[in-house]
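What the coordinates show
Below, each chain spelled out in residue letters.
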Amino acid sequence: EKSGNEQFVTELSKWVFHERGHLKAGNLVHHRVGETDEPAIYRIKDDLEFSVEIYEWSGKSWEPYVANDVQVQFYMMSPYVLKTLSTDKKGLFHTSFKVPDVYGVFQFKVEYEKLGYTTLSLSKQIPVRPYRHNEYERFIPTAYPYYGACFTTMAGFFVFSFVYLYHK
């Protein structure tokens, strides 16, 4: 009887010489929801979409890789967003999320390590900026009591000045 070592050595040599378990990733794309172009900079609280294509070498050609444990990190010193990517079973992994309310230089990181497969390590750097002074709401509904207090103070000052100046 055979001991099974032949099959083990065959599979091991295929893995060592990248005939099996060899992954490649490409076409890392990110953009705002509803747009198709990659921006040079994001603004805090933007909704964005992220996608990457991952393929596995089958020994003859690159086949779409199918897995449900590939994750992306939106990373600055530590991950602010960690999302598991959805797949379309054709090699495209995608997700969408909201940019955190922190500005600085972030990275999209895909670091995939699975036993029996080569390691994938992708990263793409992108800055995130705060709102500009003219991008904030003009009147914030939660500040209406303060607006009322301001106008009440102005009206009181006007009445006080009128009474003080013209009353004897």
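A few points on the structure. Predicted, not measured: the structure shown is a model, and the values here were computed from it. (Residues numbered from 1 in each chain as written. Predicted model: local features only at pLDDT ≥ 70, side-chain atom pairs only at ≥ 80, totals over all residues. Heavy atoms only, no water.)

What follows deals with the packing of aromatic side chains. By the definition in use, this model includes 14 aromatic pairs. Ring plane angle 70° and centroid distance 5.4 Å describe the contact between Y80 and F106, whose orientation is recorded as edge-to-face. Here the residue Y80 occupies a position in strand β6 (residues 78–84), and F106 occupies one in strand β9 (residues 104–112), the gap between them amounting to 26 residues. F106 sits in the buried class, given a relative accessible area of 0%. Aromatic ring contacts, followed pair by pair, group F50, F74, Y80, F97, F106 and F108 into a single cluster. In this structure, K109 is placed above the aromatic ring of Y75, and the distance from its NZ or CZ to the ring centre is 3.8 Å. (Phe/Tyr/Trp six-rings, centres within 6.5 Å; stacked < 30°, edge-to-face > 60°. Helix = DSSP H or I, 4+ residues; strand = E, 2+ residues; numbered from the N terminus. Buried < 20%, exposed > 50% of the residue type's maximum accessible area, 1.4 Å probe, protein only. Lys NZ or Arg CZ within 6 Å of the ring centre and 35° of its normal.)

Bringing the environment of I41 into the picture now. Mapped onto the elements, I41 comes out in the loop between β1 (23–32) and β2 (42–43). Here the alpha-carbon distance between I41 and V105, two residues 64 residues apart in the chain, equals 9.4 Å. When near neighbours in sequence (up to four residues on either side) are disregarded, I41 contacts R32, I126, P127, V128 and R129. (Contact = heavy atoms within 4.5 Å.)

Since its relative accessible area comes to 39%, Y80 is described here as partly exposed. Taking the C-alpha atoms as reference, Y80 lies 8.9 Å from V99; in sequence the two are 19 residues apart. What Y80 contacts, discounting residues up to four positions off in sequence, is F74, P100, V102 and F106.

Attention shifts here to the side chain of H31. Following the sequence through the fold, H31 ends up in strand β1. Of note is the side chain of H31, whose polar atom sits 2.8 Å from the backbone oxygen of E35. Those residues in contact with H31 that lie beyond four places of it in its chain are T36, D37, P39, Y42, L48 and E49. (Polar contact = N/O pair within 3.5 Å; in protein donor to acceptor, adjacent residues only side chain to side chain.)

Next up on the list: the side chain of T95. Mapped onto the elements of the fold, T95 is located in strand β8 (residues 92–98). Since its relative accessible area comes to 11%, T95 is described here as buried. Look past the residues within four positions of T95 in its chain and what remains in contact with it is L48, E49, F50, V72, K83, T84 and L85.

What follows deals with the sheet that holds β2. Ordered in space as β2-β10-β9-β5-β6, the 5 strands form an open sheet in which the pairing is mixed. Lying at the two open borders of the sheet, with one neighbouring strand each, are β2 and β6. Of the strand pairs in this sheet, strand β5 (residues 71–76) and β6 are connected by 6 bridges, and their pairing is antiparallel. Within the sheet, the bridge partner assigned to V72 lies in β6 and is K83. (Pairing = 2+ DSSP bridges.)

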